[in-house]
Amino acid sequence: MVTEAVIWAIFLLPLGSFAFAALVVRPFFNRYSLISGLVTIAALGTALGFSIWTLRSVILGHELVFEPIEWLEVGGATIEFGLLIDPLTAVMLIVVTSVSLLVQIYSLGYMKGDPSFSRYYAYMSLFTAAMLGLVISSNIIQLYMFWELVGVSSYLLIGFWHERPAAAAAAKKAFIITRIGDVGFLIAILYLFTQADNFAAAGLNAFHIPDIWEAARPEAAAGAILGGAVLTWLALGIFAGAAGKSGQFPLHTWLPDAMEGPTPVSALIHAATMVAAGVFLVARFFPVFEHSPDAMTVVALVGAFTAIFAASMGLVMNDIKRVMAYSTVSQLGYMMAALGLGLYAPAIFHLVTHAAFKALLFLGAGSVNHATGTFDMRYMGGLRKVMPITYILMVVASLSLVGIIPLAGFWSKDEILLGAWNGTGLVGTWVSRVTFSALLAGAKQYSQMDRAEYQSANVHELLYSTVKTIFGDKVGKDKPVELVWEKDTSLPELLCYPGDLNQVWTNIIDNAIQAMDGHGTLTIRTRRENEDMIRVEIGDTGPGISEDNIERIFTPFFTTKPFGEGTGLGLDLAWQIVVKKHLGNLSVQSKPGDTTFIVCLPLQAPAPDAPMTAGEGV
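Since we're looking at a predicted model, the values are computed, not measured.

Residues and numbers for the nonpolar core, please.
Among the nonpolar cores identified, the biggest contains 139 residues, and Ile140, Trp254, Phe285 and Phe289 are the most heavily contacted of them. Each residue touching Phe285, except ones within four places of it in the same chain, is listed here: Ile140, Ile209, Ile212, Trp213 and Ile238. Leu462, Val504, Ala574 and Ile577 belong to the second largest nonpolar core, which has 38 residues in total.

What follows is the structure, given as structure tokens:
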């Protein structure tokens, strides 16, 4: 039988790796930052082994009841630190430790070379420890502490690259919106505190989770404490907190923006930690919810609406990670709807299967990004031949997401649909039918390639916008890279795809800055090439490009970096946009101290209704 010390170790191991990375490696041995990753992986590997041991004990029916540690006694309520080990806990321990372990192993390659490598692993360890602490908590105050720590950890990881304004804004957005939901959860806890004396009179602790379950039972001695409308409002307060963490409508808007963090962070948030915490919270207090048909109805309908609403949002996204983010919101709606209908086991089953295939999809997206240099699906295609392993894994995960037999997603999603159709008796028949219809519609989500906006644009404004917004901290007056403009102000406007051209300027300028090692002169010249085309030259004072590399520089997957460290130049995307989509020309001339990229664009690019050829490769 598993011991209490082993179960506490599941939580303490990642907490210890956090302390080691943050307090030892980063301040004193940052040049050996790889140690942080290896220690984290070792800690999580051990925690996974202990989690499997715990699951085995639960399956064998061992009595896993441990005496809690009393911390504070306030009135009739006692705040304790203890362990609540039941089948839900055992399953969640496996999900969190296994997915986190695989993500950390993946991160060794993905984050290689990042100057904040140790900080990354410290945050990831803290994130995992917070989720594990939440899962094992036996006291609602203890659970709430870890609940908020999960929120803080997500803030730190979403804003990991905080020097990027978009990442900093996304982190603040996630933190604030989830706090809005947490207000409802806090109010529910405060109400329990006001009833502490009534709980104590019945021999119960108002903060002990199993005692809260007992107080919600109509036939229990303390049933009147949490009966009627009070029970409904208590359940809805708990659900408000869950809705914020799990991105349920209308508190869903933070989740797609969370893609600003590193891709492994997205995988962990969307598969096994933060968003799973909301579903876990409703499941943990399911014995409370099931005695309130009104609360169950709200949970079912909000979940069902979120499922179809988020699926429709995913249809119009071009960013592969945002498509997956909206898919996550939709799948979380499935789980919430299932819990609202009383389908407890299918909901947790889907949480487990979703954690597996969604983590695989996000990690696959990171692999594709490293190879192509973009998350924009409009410029992807033909990857099967050059990335066969990633292709196979993405296909398997996608088919599981869609619910194709015999993959895991089929069994969990269809179990929910079957239960919604048959009904459970805990909510009205109309609720089951409406939920079934919404979930069935949400299941029919397909990705589509949306076309970029086609409009008139001034090439100088496009160039200036890119330099200012993307490279404003590096390029300009009194900046490391001096900017020299040689503009032909008489140039007419282009009829083009401005968003795509901004991507071209970003790729080329980023390459130029890298070539100069962040210091030098960047020259941008514009002039008329002929009556039908304009010419843009972007030059740098870097060391130059070899003749061999010039011949290959626009070919797919060309890289100047070691395998696993990104695409280096990543100029195939720029070539696709200029040559394939705008029917222009892109070339490069180079010698030591003077490299110039030459972009020739027609005054009028092909209209959107013309066949799109981007993504076909060279």
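Describe the side chain of Lys358, with residues and values.
Mapped onto the elements of the fold, Lys358 is located in helix α16 (residues 344-372). Overall, the relative accessible area of 0% leaves Lys358 in the buried class. One polar contact links Lys358 to Ser327, side chain to side chain, over a distance of 3.2 Å.

An account of the confidence of the model for the protein is needed here, citing residue identities and associated values.
Confidence in the prediction of the protein, expressed as mean pLDDT, is 83, and 89% of residues score 70 or more. Per-residue pLDDT stays below 50 along residues 445-452; that stretch engages in 21 contacts with residues further than four places along the chain or on separate chains. The model gives residues 611-618 a pLDDT under 50, and that stretch makes 25 contacts with residues more than four places away or in other chains.

Report on the packing of aromatic side chains, specifying residues and quantitative values.
The geometry of an aromatic ring pair is captured by two quantities: the separation of the ring centres and the angle between the planes. All chains considered together, the criterion is met by 19 aromatic pairs. Their ring planes at 55° and their centres at 6.5 Å tell us that Phe50 and Trp53 sit as a pair that is tilted. Here Phe50 pairs with Trp53, and both are found in helix α2 (residues 34-59), just three residues apart, close to one helical turn. A relative accessible area of 33% means that Trp53 is categorised as partly exposed. Positioned above the aromatic ring of Tyr334 is the side chain of Lys413, whose terminal nitrogen or guanidinium carbon lies 5.2 Å from the ring centre. Over the face of the ring belonging to Tyr497 we find Lys581, whose NZ or CZ atom lies 4.4 Å from the ring centre.

A description of the pattern of salt bridges should follow, citing residues and the corresponding values.
Enumeration according to the criterion identifies 12 salt bridges in this entry. The salt bridge involving Lys173 is made with Asp257; its shortest N-O contact spans 2.6 Å. With Lys173 in helix α6 (residues 165-194) and Asp257 in helix α10 (residues 254-257), this residue pair connects regions lying 84 residues apart in the sequence. Residue Lys173 is classed as partly exposed on the basis of its relative accessible area of 30%. Given a relative accessible area of 17%, Asp257 falls into the buried group. A salt bridge links Arg179 to Asp182; the shortest N-O distance between them is 2.7 Å. Placement of the pair is Arg179 and Asp182 together in helix α6, with a separation of three residues, close to one helical turn. For the pair shown, Arg179 and Asp182 are each scored as buried.

Rules behind the numbers
- Residues numbered from 1 in each chain as written.
- Predicted model: local features only at pLDDT ≥ 70, side-chain atom pairs only at ≥ 80, totals over all residues.
- Heavy atoms only, no water.
- Core = buried A, V, L, I, M, F, W, Y, C linked by side-chain atoms within 4.5 Å.
- Buried < 20%, exposed > 50% of the residue type's maximum accessible area, 1.4 Å probe, protein only.
- Contact = heavy atoms within 4.5 Å.
- Helix = DSSP H or I, 4+ residues; strand = E, 2+ residues; numbered from the N terminus.
- Polar contact = N/O pair within 3.5 Å; in protein donor to acceptor, adjacent residues only side chain to side chain.
- pLDDT = per-residue confidence, 0-100.
- Phe/Tyr/Trp six-rings, centres within 6.5 Å; stacked < 30°, edge-to-face > 60°.
- Lys NZ or Arg CZ within 6 Å of the ring centre and 35° of its normal.
- Salt bridge = Lys/Arg side-chain N within 4 Å of Asp/Glu carboxyl O.

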